[in-house]
Amino acid sequence: MLFDPHRHERLQEKPWNSGEMESAVSSILLELDASLHDGFLSLSGDRPGHDGLASLSLYGGALGTAWSLLRLSEQTGLSLSANYREMLEPTYEHQLSRLADQDVHLGYLHGKLGQLAVLCCFDETSSRIDEFLQVSRAVIERPENELMWAAPGALLAASLLYQRTGRKELVPIIDLAIRRVFNEWKVSDESPTAIWTQVLYGKSYQLLGAAHGFAGNILSLLSAFRFLSEPQRGELIKRASETLHGSVSRDNGRVNWIQSLTFKQPNKFLLQWCHGAPGLLTCFRAFPTNEVDSLLLEAGHTVWAAGPLTKTHGFCHGNAGNGYAFLSLFERTGDEEWLDRAKAFAVHSLWQSNRAFERSGQRQLGLYDGDSGLCWFLMSCLRAEAKMPSLDFL
Ligand SMILES: [Zn+2]
């Protein structure tokens, strides 16, 4: 079975309404603003009990949500209750001062590099750029070979920051990361096509999904496509297509990709952004040739047939992520059916978010696992755009 039906549920049948979605985005942003204001007070030491490590991550921390609120308020005209731009630097300094060196994660989605990328986005003087470059060099040397902690994440962060700021100092670090990512992309006993090996928590895996594996690494190389040589571009297209086709599993007209080629236990099929077809779809969104298109379409039909995830509305392992898979197919094919499917998942995701809000009384701050990611997804559906925050732009 290529997905577990118990992890999926029936789609909410409420129709899409653009006006309702726009006002939902505004009210969720205001609720996030209220929570974030409190969160920043606790981060700055005025209130006890906040987990400093979690708050350092772009993935689920307060600074990632501050970045989302600043960007989304620029786009929606919503005024925020605090000047988060001015609060970013002291909050970052304060968090670091509370942590021992060994407790500071360095990577893009789960550490210091993501926070420095946020600071560099909003810092006109770019006083943090040297620190960003220094941390990038350390991240490039790490053994995980994936987006969250290691060289592919450094490559993605530097490429997106270059797109945003045009700073020339980033080019050598992009070149260094490209060399590392290509050097680690190898044919092995486990896989006849080229793949990366991740060393995570002392064990080796060959993961295929977006968050920790092959798909995320392809995204990082595609983000730096303009910096690749002609031979590197040819190699990327050939190897990525071969591995995508060579690692797919088929059953009863459906397709998916297993978590890892070498996982012993547990190894399973998941159908969410971080592991499984949705993440492969979003990471191949900008793939420059059409040899992967028929397989991506099969994957999209599988995600739709499975129905929404029961778990959550966020985009790492929830319905916003699966909805972005449909937006990616809409962008590649121009077929409005995929946009309609994304909107159906947006309606369902909002229903899930509201249900969680009624239970807990507050919105979830995280970009990848909370309501700021949902706001981006709803906005993407309203604009019919497939680019994902922090993965396709900063
Ligand atoms: Zn996840």
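Keep in mind it's a predicted model, so treat the numbers as computed, not measured. (Residues numbered from 1 in each chain as written. Predicted model: local features only at pLDDT ≥ 70, side-chain atom pairs only at ≥ 80, totals over all residues.)

**Things to note about the confidence of the model for the chain**
In the predicted model, the chain carries a mean pLDDT of 92, and 94% of its residues have values of at least 70. Predicted confidence is poor over residues 44-53, with pLDDT under 50, and the contacts of this stretch with residues over four places away or in other chains come to 15 contacts. (pLDDT = per-residue confidence, 0-100. Contact = placed C-beta atoms within 7 Å.)

**A short note on helix α12 (residues 293-306)**
The terminal C-alpha atoms of α12 lie 20 Å apart, and with 14 residues this matches the ideal 20 Å at 1.5 Å per residue to within 8%. Restricting attention to buried positions, one finds in α12 the residues Leu296, Ala299, Gly300, Thr302, Val303 and Ala306. Mapping the buried residues of α12 onto a view down its axis gives an arc of 160 degrees, with all of them on the same face. Opposite its buried face, α12 presents the exposed residues Ser294 and Ala305, each directed more than 90 degrees away. Residues of α12 that are buried sit in contact with β4 (254-256), α11 (277-283), α13 (319-333) and α14 (336-360). (Helix = DSSP H or I, 4+ residues; strand = E, 2+ residues; numbered from the N terminus. Expected span 1.5 Å × (residues − 1). Buried ≥ 20, exposed ≤ 12 C-beta atoms within 10 Å, placed from the backbone. Arc of directions from axis to C-beta.)

**Details of the environment of Leu280**
Within the fold, Leu280 resides in helix α11. When residues no more than four places from it in sequence are discounted, the contact partners of Leu280 are Ala215, Leu244, Trp257 and Ala299.

**With respect to α14**
Look at α14: 36 Å from first C-alpha to last across 25 residues, which is about the 36 Å you get at 1.5 Å a residue. Count one or two residues on from α14 and you reach Gly361, which has phi positive near 80 degrees.

**As for unusual backbone geometry**
Positive phi is not limited to glycine here, since Asn145 has a value of about 55 degrees. Along the chain, the position of Asn145 falls in the loop between α6 (129-140) and α7 (151-165). The exposure class assigned to Asn145 is buried, which follows from the 28 C-beta atoms found within 10 Å. The phi torsion at Tyr201 lies on the positive side, around 50 degrees, for a residue other than glycine. Residue classification places Tyr201 among the exposed positions, given that 7 C-beta atoms sit within 10 Å.

**A short note on the environment of Leu147**
Locating Leu147 in the fold gives a position in the loop between α6 and α7. Put simply, Leu147 and Ala211 are 64 residues apart on the chain and 6.1 Å apart in space, counted from C-alpha to C-alpha. Setting aside residues up to four positions removed in sequence, Leu147 forms contacts with Tyr108, Leu109, Pro152, Gly153, Leu156, Ala211, Gly216, Asn217 and Ser220.

**With respect to the packing of helix α5 (residues 112-122) against α6**
Remark: α5 packs on α6, axes separated minimally by 9 Å, with the N-to-C direction vectors making an angle of 155 degrees. Considering the angle they form, α5 stands roughly antiparallel to α6. When the axes of α5 and α6 are compared, the crossing they make is left-handed. On α6, the residues that touch Lys112, Leu113, Leu116, Ala117 and Cys120 of α5 are Ile129, Glu131, Phe132, Val135, Ser136 and Val139. (Axes fitted to C-alpha atoms, helices over the stretch in contact; angles between N-to-C directions. Parallel < 35°, antiparallel > 145°, perpendicular 65-115°, else oblique. Left-handed = near helix turned anticlockwise from the far one by under 90°.)

**Things to note about the packing of α13 against helix α15 (residues 371-383)**
Closest axis-to-axis distance for the α13/α15 pair is 10 Å, and the angle between their directions is 25 degrees. When the interaxial angle is binned, α13 and α15 end up roughly parallel. The two elements α13 and α15 cross, and the hand of that crossing is left-handed. Touching Ala320, Gly323, Tyr324 and Leu327 of α13 are Gly373, Leu374, Phe377 and Ser380, all from α15. Its residues assigned to classes, the contact of α13 with α15 shows five nonpolar, three polar and no charged. (Nonpolar A, V, L, I, M, F, W, Y, C, P; charged D, E, K, R; others polar.)

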